[in-house]
Amino acid sequence: MKFRPLHDRVSVRRIESEARSAGGIIIPDTAQEKPQEGEVVAVGTGVRDENGKVIPLDVKVGDRILFGKWSGTEVKIDGADFLIMKEADILGVLDGAPKAKKA
C-alpha cells in the first residue's frame, strides 16, 4: 500500500539512537526515550495561501529531520511504524548527518 500525506503533512520514519551510553553501558528498550530524529518518507503537496496558490514544503523525501518530543501522530502502515506530522512540527533538517539504522 502506498501512503501520500495531504497538504502540509509529512510522513516520517523514526531513526533509532544508539543503545549504549557514552560509557559503554547498554540501555534496555524500556529505559530508552523515543528518538526525535527521523527520515522523511513522503510529503504532501503544500499549503494554499489566501489567493489559492500552493506553497510547496521546505522538506523533501529523504531529508533527515529533528522534531519535537510530542510531535505527530503514530500510525502503522503495512506493519511499519510512521509518524504523520505537519511541517510546522519539524524543528530542522540535518545536513550531512551519517546514516543511522531505521526504527
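Residues numbered from 1 in each chain as written. Predicted model: local features only at pLDDT ≥ 70, side-chain atom pairs only at ≥ 80, totals over all residues. Heavy atoms only, no water.

A word on the sheet that holds strand E5 (residues 64-67). In sheet architecture, strand pairing relies on hydrogen bonds along the backbone and comes in two forms, parallel and antiparallel. With antiparallel pairing, six strands are arranged side by side in an open sheet as E6-E7-E1-E2-E5-E8. On the outer flanks of this sheet lie strand E6 (73-77) and strand E8 (90-94), each paired with one strand and no other. Strand-to-strand twist in this sheet, taken as the mean axis angle between neighbours without regard to direction, amounts to 45°. Two strands pair when backbone bridges link them, and E6 and strand E7 (residues 80-86) are joined in this way by five bridges, in the antiparallel orientation. By the bridge assignment for E7, Glu-74 is matched with Leu-83. (Pairing = 2+ DSSP bridges. Helix = DSSP H or I, 4+ residues; strand = E, 2+ residues; numbered from the N terminus. Axes fitted to C-alpha atoms, helices over the stretch in contact; angles between N-to-C directions.)

What follows is about the environment of Val-12. Its place among the elements puts Val-12 in strand E1 (residues 9-14). Residue classification places Val-12 among the buried residues on the basis of a relative accessible area of 0%. Separated by 70 residues in sequence, Val-12 and Phe-82 have C-alpha atoms that sit 5.6 Å apart. (Buried < 20%, exposed > 50% of the residue type's maximum accessible area, 1.4 Å probe, protein only.)

A separate point is the environment of Ser-71. The residue Ser-71 is located in the loop between E5 and E6 in this model. When its relative accessible area of 13% is taken as the criterion, Ser-71 is described as buried. In this structure, the C-alpha to C-alpha distance between Ser-71 and Leu-83, residues 12 residues apart in sequence, is 8.3 Å. Ignoring sequence-local partners within four residues, the contact set of Ser-71 consists of Leu-83, Met-85 and Asp-89. Separated by 3.1 Å, the side chain of Ser-71 and the backbone nitrogen of Gly-68 make a polar contact. (Contact = heavy atoms within 4.5 Å. Polar contact = N/O pair within 3.5 Å; in protein donor to acceptor, adjacent residues only side chain to side chain.)

Counting residues in each nonpolar core, the largest one holds 10 residues, listed as Val-10, Val-12, Val-40, Leu-57, Val-59, Ile-65, Phe-67, Leu-83, Met-85 and Ile-90. Contacts of Ile-90, omitting those with residues within four sequence positions, involve Val-10, Val-59, Ile-65, Leu-66 and Met-85. (Core = buried A, V, L, I, M, F, W, Y, C linked by side-chain atoms within 4.5 Å.)

The pairing of E1 with strand E2 (residues 37-43) spans five bridges and is classified as antiparallel. For Val-10, the partnering residue across the bridge sits in E2 and is Val-43. The sheet contact formed by E2 and E5 spans three bridges and is antiparallel. Looking across to E5, one finds that Gly-38 is bridged to Ile-65.

All quantities given are derived from atomic positions and should not be read as evidence of function.
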